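Fold and geometry: a report
These are the residues of each chain, in order.
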Amino acid sequence: MNTLYLDALGTDSGSNIRTAASILRSGGIVAFPTETVYGLGADTFNESAVAKIFAAKGRPQDNPLISHITDIADIHRLARDIPPSAFLLAESFWPGPLTLVLKRNPDVPPIISAGLDTVSVRIPSHHVARRLIELSGTAVAAPSANISGRPSATTALHVQEDFNGKIDAIVSGGDCEVGVESTVLSLCGDIPRLLRPGGVPLESLRAVLGEVAVDRAVYEIIGEGERVSSPGMKYRHYAPRADVTVVCGAPRQTAEYIKSEANETTGIICFDEFEKMFYNREVYTIGPAEDSAANARALFGALRSFDRSSVEKILAQCPDDRGVGLAVANRLKKAAGFKIVVV
Ligand code: TXA
Ligand code: MG
């Protein structure tokens, strides 16, 4: 298959986004930028188009997809019995990096929800994503645009690495400004439950909702065959080819630990302040220790960078759980299969 490359930033951006939208309308699959990560989109209401996403990604059939809309009125096409808290959250965080899990409207094809009776919905803020969704005239189902198990894509080049020749088109729109995926929050139980930390911090959700429970899959590995609230959380994810170990603790101490453990075959992911300690090693910096937003933007590029080198293992400094740091730490730990050293 020839993958069309559509630039959404240059002079042809208008007609390029129209081309992408017409591909979506006619049942094709298109990668596009959002503020979190690139998504791989299809028309939510076209089952055979959605099936192409699962095939292209190699995605397990039991892992449901997020549907993206631009107008809150369209939420009723996707969900039913929507609680007032959904609209409260929408006022605070939409458009933006929050996904709500709600009861599924029976009109939504079961393949979207992987057979669950719930559906997940997000209104993204990225102007290219929004224009594309508007012009497609439908809800756009989109998982992250990476081969299943690989780090998510935060640049059009990352998407190309994974999907050149495998999907109809790639809309390029620069680097993603958040860098980790959306926060996934279930509103289907008595208490709102965080299923995946992401671009909207847990603290911000609690400021609006009061109590928010945190699913244990956020912190722990979930065993084969165990029941999980968010099917995506049980898979090894975000993993580069080399083995990752996450080092948690105060930044100075974790840097010292990594220095003592690293050799010529070690790749290092560290905060900017400590780069000089590793001058003779392969290093990727992810911003200052106190800037988890910068860490988030750099994370997936860091994990992907080592696939182009010959390092055999990766040691990574881990941000603490404050703010978007919780999402960065979660992605790192998942990339490591929860191989964690605490110093
Ligand atoms: O930022 C994002 O959310 C990006 C962009 C493209 O919007 N999308 C994304 O999709 O990260 P994906 O498929 O890579 O991750 C969606 C996560 C998975 O862990 C999935 O299991 C969970 O959300 N999820 C989706 N629908 C669900 C549902 N009905 N119930 C529980 N979890 C759900
Ligand atoms: Mg994903």
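Residues numbered from 1 in each chain as written. Chains lettered and ligands numbered in written order. Predicted model: local features only at pLDDT ≥ 70, side-chain atom pairs only at ≥ 80, totals over all residues. Heavy atoms only, no water.

**Thoughts on the overall build of the protein**
Our working rule: Helix and strand assignments come from DSSP, with helices taken as H or I runs of at least 4 residues and strands as E runs of at least 2, each series counted from the N terminus. As defined in this context, the radius of gyration uses C-alpha atoms, and a globule is described by 2.2 Å times the residue total to the power 0.38. Three labels apply to residues, based on accessible area from a 1.4 Å probe with only protein chains included: buried if under 20% of the type maximum, exposed if over 50%, partly exposed otherwise in between. The contact rule is simple, with two residues in contact once any of their heavy atoms fall within 4.5 Å. With residues, only the protein chains shown are counted as cover, and all accessible areas are computed by Shrake-Rupley using a 1.4 Å probe. Residues scored as charged are limited to Lys and Arg (positive) and Asp and Glu (negative), so that His and the chain ends carry no count. Charge placement uses NZ in Lys and CZ in Arg. For Asp and Glu, CG and CD serve respectively.
Assigned secondary structure in the protein consists of eleven helices and 17 strands. A compact globule built from 343 residues would reach a C-alpha radius of gyration of about 20 Å, and the protein, at 20 Å, matches this within 12%. With the C-alpha coordinates aligned to their principal axes, the bounding extent of the protein is approximately 55 × 50 × 35 Å. By the burial criterion, 57% of the 343 residues in the protein qualify as buried. Here the analysis covers contacts within the protein between residues at least 6 apart in sequence; of these, 66% occur between residues at least 24 apart. Approximately 13800 Å² of the protein is accessible, and the part contributed by carbon and sulfur atoms is 48%. Side-chain charges of the protein comprise 35 positive and 40 negative groups, with the mean position of each set lying 3 Å from the other.

**Considering the nonpolar core**
Burial of nonpolar side chains together is a common tendency in soluble globular proteins. Keep this limit in mind: Nonpolar core, defined: a set of buried Ala, Val, Leu, Ile, Met, Phe, Trp, Tyr and Cys residues in which side-chain atoms within 4.5 Å join the residues together.
The biggest cluster of nonpolar side chains holds 48 residues, and the ones touching the most others in it are L40, L98, L100, L102 and L205. The biggest single contributor to this core is helix α2 (residues 47-57), with five residues. Ignoring any residue separated from it by four or fewer positions in sequence, one finds L102 in contact with I75, A79, I82, P83, A86, D117, T118, V119, V121, L187 and C188. With 40 residues, the next largest nonpolar core counts V178, I258, I269 and A289 among its residues.

**Comments concerning the confidence of the model for the protein**
Here is the rule: Scored from 0 to 100, pLDDT reflects the predictor's confidence in each residue.
Confidence in the prediction for the protein averages 95 pLDDT; 96% of positions are at 70 or higher. Considering each helix and strand of the protein separately, the mean pLDDT is smallest for strand β17 (residues 340-342), with a value of 95, and largest for strand β2 (residues 30-32), with 99.

**Notes on the pattern of salt bridges**
Here is the rule we go by: Throughout this description, the term salt bridge denotes a Lys or Arg side-chain nitrogen within 4 Å of a carboxyl oxygen of Asp or Glu.
Counted according to the given criterion, the structure contains 15 salt bridges. Of the charged contacts in the structure, one is a salt bridge between R150 and E161, with a shortest N-O distance of 3.8 Å. Here the residue R150 occupies a position in the loop between β8 (140-141) and α7 (156-163), and E161 occupies one in helix α7, the gap between them amounting to eleven residues. A salt bridge links R322 to E290; the shortest N-O distance between them is 3.5 Å. A residue pair is termed long-range when its members are at least 10 positions apart, and R322 in the loop between β16 (313-317) and α11 (325-335) and E290 in the loop between β15 (282-285) and α10 (292-305) qualify at 32 residues. Relative accessible area serves as the criterion here: at 49%, R322 is assigned to the partly exposed category. One continuous salt-bridge network, built from bridges that share partners, spans R150, E161, D162, R304, D307 and R308.

**A closer look at the site of ligand 1**
Quick reminder of the rule: Think of it this way: one heavy atom of a residue within 4 Å of a molecule or strand is enough to make that residue near it. The term polar contact refers here to a pair of N or O atoms within 3.5 Å; inside protein, the definition further demands a hydrogen-donor-capable atom paired with an acceptor-capable atom, and it admits residues adjacent in sequence only when both atoms are side-chain atoms. Residues are sorted three ways: Asp, Glu, Lys and Arg are charged, Ala, Val, Leu, Ile, Met, Phe, Trp, Tyr, Cys and Pro are nonpolar, and all the rest, Gly among them, are polar.
Ligand 1 sits among 27 residues. The nearest are T36, R59, N63, H68 and S182. Separating a nitrogen atom of ligand 1 from a side-chain N or O atom of T118 is a distance of 3.0 Å. At a separation of 3.1 Å, an oxygen atom of ligand 1 approaches a polar side-chain atom of R122. In the complex, the protein chains occlude 97% of the 680 Å² of accessible area that ligand 1 would expose alone. Looking at the shell around ligand 1, the elements that each hand over two or more residues are β4 (66-68), β7 (118-122) and β11 (193-196). Counting residues per element, the shell around ligand 1 draws most heavily on β7, at four residues. Of the residues in the shell around ligand 1, the class split is twelve nonpolar, eleven polar and four charged.

**With respect to the pairing of β16**
Applicable threshold: Pairs of strands are assigned from DSSP output, requiring at least two bridges between the strands.
Within β16, four of the five residues are buried, leaving the element largely enclosed by the surrounding structure. Bridge count for strand β13 (residues 243-248) against β16 is five bridges, and the pairing is parallel. Counted as the bridge partner of V247 is Q317 from β16.

**Thoughts on the sheet that holds β15**
Going by this rule: A fitted line through C-alpha atoms represents every axis, and for helices the fit uses only the stretch in contact; the resulting angles, taken between N-to-C directions, go from 0 to 180 degrees.
With parallel pairing, five strands are arranged side by side in an open sheet as β15-β14-β16-β13-β17. At either margin of the open sheet sits one strand with a lone partner, and together these are β15 and β17. Direction aside, neighbouring strands of the sheet carry axes that sit 20 degrees apart on average. Docked against the sheet, α10 engages β14 (266-270) and β15, running at close to 165 degrees with respect to β15.

**Quick notes on helix α4 (residues 84-93)**
Basically, it comes down to this: The arc in question is the one traced by the directions running from the helix axis out to the C-beta atoms.
Among the residues making up α4, those that are buried are A86, L89, A90 and F93. One side of α4 carries all its buried residues, which in axial view fall inside an arc of 105 degrees. For α4, exposure combined with an orientation more than 90 degrees from the buried face picks out P84 and E91. Contact partners of the buried residues in α4: β6 (98-104), β10 (183-186) and α8 (202-209).

**Focus on unusual backbone geometry**
With an omega of -5 degrees, the peptide bond between W94 and P95 qualifies as cis. Following the sequence through the fold, P95 ends up in the loop between α4 and β6. Backbone geometry at A114 places phi at a positive 50 degrees, although glycine is not the residue there. Inspection of the secondary structure assignment puts A114 in the loop between α5 (110-113) and β7. Even without being glycine, F338 reaches a positive phi, approximately 60 degrees. By the element assignment, F338 lies in the loop between α11 and β17.

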